[in-house]
Protein chains: 2
Amino acid sequence: MAKYIKIAEEIRERIVTGVYPVDKALPDQINLAKEFQTSRVTVKKSLELLAVEGLVYSKQGSGTYVRKNALQMSKLDNQLDEYVGVAHQLADRSSIASQILKFDVRFPNELECEKLLIDKTQPVYDIVRLRFVDDEPFLIEHTVMPVHVIPGISEEILTKSIYEYIKGELGLKFGGANRHIRADKPNELDRMYLECEIADPVLEIDQVVYLTNGVPFEYSQSRHRYDKGDVLVVNIKSV
Amino acid sequence: MAKYIKIAEEIRERIVTGVYPVDKALPDQINLAKEFQTSRVTVKKSLELLAVEGLVYSKQGSGTYVRKNALQMSKLDNQLDEYVGVAHQLADRSSIASQILKFDVRFPNELECEKLLIDKTQPVYDIVRLRFVDDEPFLIEHTVMPVHVIPGISEEILTKSIYEYIKGELGLKFGGANRHIRADKPNELDRMYLECEIADPVLEIDQVVYLTNGVPFEYSQSRHRYDKGDVLVVNIKSV
DNA sequence: GAGTGGTCTAGACCACTAG
DNA sequence: TAGTGGTCTAGACCACTCC
């Protein structure tokens, strides 16, 4: 484990336990460097980590301070690391099940080519899944994935986790996503499978998910019951 | 302007113009350092900037590569810098107007105290605004702000931009936000002011906005017409 | 084993804040 | 003006990838 990460952990611990109180300055970088038997550059790197997490902020010429909302931020971080779509947010506290409504291979349409950065000749999986939380329908998800990027998908994998398969079997890493979030009226499928009334809105999330090398591997549209969960977005400016 | 930022700009330019092609490795850090007459550490810092933007990724022992979706990412970035709530997303291409429905000062309730990290004795502004894009109602926003954090709010400021006032007059900086996004059925106000039909869903965004020092200065709930705009969330993993 | 990125150092100078 | 963070250097060693 890198030294600057260990130091960041120690400082984070001191913040959440109140050794470094909220709204007050930390010891300056030179003294922290002395204490941790390291160079100032390394200490600075640790503080940058904590700044990205929203725990501290630095003011040139003045000092590095604990942010007033530091304690709240430290709670959020665990959730963030695990965040993949919305389904995962609930993984801890509930049982999740999947029902496969459709699993096909076909050629992509124009929009899918554009989103997935592929051409018309490259086949894609066409998957529709219904997800349950504690036996109640929660979301319906339409996923399109390029076969050549994620080969070997089977129904068995779909009932478990695609992300686990990509990480474990294929050795690829999730690298980010762009999501569009909007509200919509329920359509036929929503009413049938999510058991929506005609006046029940749905929350729609359109996303393109990328591997670390920027190759898109999933373009999906998921539609959620409006009364089951929401989307949390945390945003910290670094400048 | 710091050298590492200039170098990042030059490399970004080379990526978007195709000098460094997508999916290929950049020159290694030592050679980039030579070219830019600098040290390897400085080059690395430039590459880290570009990695955060989603343009490149580095693989220890192998090289630094242009991400396949780099060109799409470079388009998104401009939008992101300007992102403050949802209203701003539209600022460029349309005329925005505000109508003040309510502007009061009162004591906060328990939830507001918790969100804004204040106690019951500290008064808050209680503001309700209706926003129009090109003369059509677009969102209705209920904002609560602590008076002692943002003093001197007037109706005139509200019709313009609170953020401009905070930055310009008070010299404070916006430092981040936590948002919860969900879909909901329209309530009385939505139907009256947003001109929603009873079956029209609304997109609700609950947010706490912070200054750079972590002091919450706004707790707001905005409700949007489902057919006018959505929320874009970009997420790049750095690990 | 050669090449590449990741980390770390010790010291320097600059830019900014605050009294 | 003193103190603090921001940047930069030149060199070193380590960890990892890939041939």
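Okay, so let's go over this structure. (Residues numbered from 1 in each chain as written. Chains lettered and ligands numbered in written order. Predicted model: local features only at pLDDT ≥ 70, side-chain atom pairs only at ≥ 80, totals over all residues. Heavy atoms only, no water.)

## Let's talk about unusual backbone geometry
Alright, step 1. Although it is not a glycine, D23 of chain A sits at a positive phi angle of roughly 75 degrees.
Alright, step 2. Residue class for D23 of chain A comes out partly exposed when judged on its relative accessible area of 41%.
Alright, step 3. Residues other than glycine seldom take positive phi values, yet D134 of chain B does so here, at roughly 50 degrees.
Alright, step 4. In this structure, D134 of chain B sits in the loop between β4 (124-133) and β5 (136-146). (Buried < 20%, exposed > 50% of the residue type's maximum accessible area, 1.4 Å probe, protein only. Helix = DSSP H or I, 4+ residues; strand = E, 2+ residues; numbered from the N terminus.)

## Quick notes on the sheet that holds β4 of chain B
Alright, step 1. Reading across the sheet, the seven strands line up as β9(A)-β6(B)-β7(B)-β8(B)-β5(B)-β4(B)-β3(B) and stay open at both edges, with antiparallel pairing between neighbours. Among the strands making up the open sheet, the edge pair consists of β9 (231-236) of chain A together with β3 (96-106) of chain B. Each neighbouring strand pair of the sheet contributes to a mean axis angle of 15 degrees, computed without reference to strand direction. (Pairing = 2+ DSSP bridges. Axes fitted to C-alpha atoms, helices over the stretch in contact; angles between N-to-C directions.)

## Some words on the protein's contact with DNA strand D
Alright, step 1. For DNA strand D, the set of nearby residues contains 26 residues, the closest of which are R40 and G61 of chain A together with K3, T38 and T42 of chain B.
Alright, step 2. The protein-proximal atoms of DNA strand D, defined as those within 4 Å of the protein, are 66% sugar or phosphate.
Alright, step 3. Within the side chain of S39 of chain B, one N or O atom sits 2.9 Å away from a phosphate oxygen of DNA strand D.
Alright, step 4. Between G61 of chain B and DNA strand D, the recorded distance is 3.3 Å, taken from a backbone N or O atom to a sugar or linking oxygen.
Alright, step 5. Put simply, the parts of the chain that give the surface near DNA strand D at least two residues each are α3 (40-52), β1 (56-59) and β2 (63-66) of chain A together with α1 (3-16) and α3 (40-53) of chain B.
Alright, step 6. Per-element tally for the surface near DNA strand D: the top contributor is α3 of chain B, with four residues.
Alright, step 7. For the surface near DNA strand D, the class distribution of residues is four nonpolar, 14 polar and eight charged. (Near = heavy atom within 4 Å. Polar contact = N/O pair within 3.5 Å; in protein donor to acceptor, adjacent residues only side chain to side chain. Nonpolar A, V, L, I, M, F, W, Y, C, P; charged D, E, K, R; others polar.)

## Notes on the pairing of strand β7 (residues 202-211) of chain B
Residue and element names in this part refer to chain B.
Alright, step 1. Among the ten residues of β7, ten are classified as buried, and the element is accordingly described as predominantly covered.
Alright, step 2. Both strand β6 (residues 174-184) and β7 contribute to a ladder of ten bridges, which runs antiparallel. The residue of β7 that forms the bridge with I181 is I205.
Alright, step 3. In this sheet, strand β8 (residues 216-225) lies alongside β7 in antiparallel orientation, the contact comprising nine bridges. Bridging across to β8, Y210 finds its partner in P216.
Alright, step 4. Linking β7 to β8, which pair antiparallel, is a turn of four residues; within it G214 sits at a positive phi near 85 degrees.

## Focus on the interface of chain B and chain A
Alright, step 1. Opposite the 42 residues of chain B that make contact, chain A presents 42 residues.
Alright, step 2. A combined buried area of about 4,100 Å² lies between chain B and chain A, and 51% of that area is made up of carbon and sulfur atoms.
Alright, step 3. Among the salt bridges present, the one from D200 of chain B reaches K185 of chain A, with a minimum N-O distance of 3.2 Å.
Alright, step 4. The tally of links from chain B across to chain A stands at 14 residue pairs in polar contact (both at pLDDT 80 or more).
Alright, step 5. Secondary-structure elements contributing two or more residues to the side of chain B that touches chain A are α4 (70-82), β6, β7 and β9 (231-236) of chain B.
Alright, step 6. With eleven residues, the single largest contributor to the side of chain B that touches chain A is β6 of chain B.
Alright, step 7. Direction of pairing for strand β6 (residues 174-184) of chain A relative to β9 of chain B: antiparallel, over a ladder of six bridges. The partner of G176 of chain A across the bridge, within β9 of chain B, is I236 of chain B. (Contact = heavy atoms within 4.5 Å. Buried area = accessible area lost by both parts, 1.4 Å probe. Salt bridge = Lys/Arg side-chain N within 4 Å of Asp/Glu carboxyl O.)

No statement about biological role is implied by the geometric values presented.
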